[in-house]
Amino acid sequence: MHTVLMLADPPAQMLPARSQMAFTLASHIILVPLGVALPLITLIMHGYGLRRGDGTALLLARRWSAVMAVQFAIGVVTGTVLSFEFGLLWPGMMGRWGDVFGIGFGVEAWAFFLEAVLIAVYLYGWRRLPARTHFLLGLPLPFAALLGAFGIIAANSWMNTPRGFTLDAAGNPTDVEIWKAIFTPMFGPQYWHFVVAMFLTAGYVVAGVYATGWLRGRRDHYHRLGFTIPFTLAAVCTPVQFVLGDSIARQVFHKQPVKFAAMEIVWKTDTHVPEYLYGRLQPDGTVSGGVKIPQLDSILAGFRPDTKVTGLTSVPAGDRPTAAEATIAHFTFDSMVFIGSGLILLALCYAFVWLRHRRLPASPWFYRCAAVAGVASVAAVECGWITTEVGRQPWIVYQNMRVAEAVTSTRASSLWVMFALVIVVYVFVFGSFLVILLKMRTRWREADAAGGPRPPREAPEADTPYGPRSAGSPR
């Protein structure tokens with residue numbers, strides 16, 4: 001077995017390295033839902049427009065494809081920074097374990113290049129390709145996005161349940177089995193939970209834009225369609241995600257019992273364990289604050305009140321999250337569940353009105369909630385990643401390498417300077433992203449105002465394929 005370092009005090013590099021990684025991950029993940037799911041949402045709208053001969057739907061698809069391209073360009077910057085940080089901040093992990101789980105990053109890189117080409121072709125194809133050909137060339141886009149998610153989740157699930165190797169006498173991995181390293185016990189639950197979360201989040205984010213317009217009095221076909229299709233996709237995914245979330249929590253209970261104990265702030269192994277909503281774990285094992293529900297944690301874990309739940313004290317103090325880390329994981333886990341429950345109520349309201357009256361809800365409160373749902377779902381995604389990463393502490397490779405062993409030896413002061421530079425770059429990048437989106441919105445509104453409430457005279461694919469655009473054609 002690999003002998004881990006038992007350090008009384010963490011290295012000085014730990015705080016700036018973890019802070020920088022947390023900041024860049026939290027920033028990048030804001031873009032991920034649109035990167036993974038917007039191609040599918042756009043193609044659904046595109047297909048709807050072609051099938052119904054709806055110029056408004058085609059106009060929406062074309063505009064969303066422009067947003068998709070800008071988002072992809074920004075994601076390239078933030079994703080590249082993350083790639084470098086793995087090597088710069090955590091050389092101990094990459095040096096020892098890179099040969100085992102690095103295939104996931106390789107898959108993600110190939111998916112990135114494929115998606116870049118496909119987005120370029122799809123964006124270029126408006127007005128330049130025959131309508132059917134253009135649509136068919138866009139169909140691989142969602143699969144390329146899912147392939148990228150496959151690579152990242154394969155790497156992360158391996159960090160949670162490392163498999164596919166044996167250790168030699170020096171503690172170094174040998175006899176790597178790639179398929180076992182990719183398809184670890186947590187891969188399936190994590191991947192589908194992540195993918196559905198991306199579809200759900202992107203759907204609510206896009207629909208939220210048009211819900212806001214609806215609240216401001218823009219109740220034309222353009223806003224109705226822009227709201228209905230992404231919101232319907234998100235509403236369908238919401239109950240599916242709730243089931244998948246329950247499934248992955250149960251997998252964590254079986255495969256990572258100490259992480260589960262942190263998520264549920266369970267101190268001692270026991271049966272009839274209560275559930276705490278937003279309680280805070282103290283260093284002595286007591287829980288302060290929150291709402292205590294007797295026996296519920298055992299029931300949720302094993303469907304029986306006498307289910308035994310492993311506690312944090314089942315392992316030495318150096319092998320488990322601290323009380324503060326457990327509280328963070330617990331708060332973010334509860335927040336994710338709370339937001340998911342609210343989204344289910346919103347989806348059920350939408351489904352009830354639609355199935356009963358065959359129309360959209362009329363209540364302004366529904367659209368207020370729909371406008372907030374996009375931000376709430378992004379917050380839920382952030383909470384999910386915090387739970388995953390903080391709950392695994394102190395391990396960077398679960399039960400095989402500690403974070404302290406993987407961190408760089410670069411001076412802490414240099415890391416703080418690098419962190420400050422990263423913040424400056426990210427403020428500029430995300431500020432540019434916002435400015436571009438606002439300018440695109442302004443230009444589109446001016447075009448709509450010039451053409452009246454109807455779509456422009458020519459549908460987005462009405463020009464001669466490969467020929468020059470006609471005079472006065474909207475850009």
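Worth saying up front: this structure is predicted, and the values here are computed from it rather than measured. (Residues numbered from 1 in each chain as written. Predicted model: local features only at pLDDT ≥ 70, side-chain atom pairs only at ≥ 80, totals over all residues. Heavy atoms only, no water.)

**A closer look at the packing of helix α1 (residues 14–52) against helix α8 (residues 187–215)**
Right, so step 1: Here α1 crosses α8 at 75°, and the two axes come no closer than 8 Å. Judged by the inter-axis angle, α1 sits roughly perpendicular to α8. In this structure, α1 contributes Val32, Pro33, Leu34, Val36, Ala37, Leu38, Leu40 and Ile41 to the contact, and α8 contributes Phe194, Met198, Phe199, Thr201, Ala202, Gly203 and Val206.
Right, so step 2: Along the lines of polarity and charge, the residues of the contact of α1 with α8 split into 13 nonpolar, two polar and no charged. (Axes fitted to C-alpha atoms, helices over the stretch in contact; angles between N-to-C directions. Helix = DSSP H or I, 4+ residues; strand = E, 2+ residues; numbered from the N terminus. Parallel < 35°, antiparallel > 145°, perpendicular 65-115°, else oblique. Contact = heavy atoms within 4.5 Å. Nonpolar A, V, L, I, M, F, W, Y, C, P; charged D, E, K, R; others polar.)

**Let's talk about the packing of aromatic side chains**
Two aromatic rings, taken as a pair, are described by how far apart their centres are and by the angle between their planes.
Right, so step 1: Applying the stated criterion across every chain, the model contains 32 aromatic pairs.
Right, so step 2: For the ring pair phenylalanine 227 and phenylalanine 366, a centre distance of 6.2 Å and an interplane angle of 80° mean the geometry is edge-to-face. One end of the pair, phenylalanine 227, is in helix α9 (residues 221–255); the other, phenylalanine 366, is in helix α13 (residues 364–390), and 139 residues separate them in sequence.
Right, so step 3: Judged by its relative accessible area of 4%, phenylalanine 366 falls in the buried class.
Right, so step 4: Site record: aromatic cluster; members linked through ring pairs are Tyr204, Trp214, Phe227, Phe231, Tyr350, Phe366 and Tyr367.
Right, so step 5: In this structure, arginine 128 packs its charged tip against the face of tyrosine 124, placed 4.6 Å from the ring centre.
Right, so step 6: Across from the ring centre of tryptophan 365, 4.5 Å away, lies the NZ or CZ of arginine 368, which sits over that ring. (Phe/Tyr/Trp six-rings, centres within 6.5 Å; stacked < 30°, edge-to-face > 60°. Buried < 20%, exposed > 50% of the residue type's maximum accessible area, 1.4 Å probe, protein only. Lys NZ or Arg CZ within 6 Å of the ring centre and 35° of its normal.)

**Concerning unusual backbone geometry**
Right, so step 1: With omega at 5°, the peptide bond leading from glutamine 393 into proline 394 counts as cis.
Right, so step 2: Structurally, the position occupied by proline 394 is in the loop between α13 and β7 (395–397).
Right, so step 3: Phi at glutamine 399 takes a positive value of approximately 65°, unusual for a residue other than glycine.
Right, so step 4: As for its placement among the helices and strands, glutamine 399 is situated in the loop between β7 and β8 (401–402).

Function cannot be inferred from these measures alone, as they are strictly geometric.
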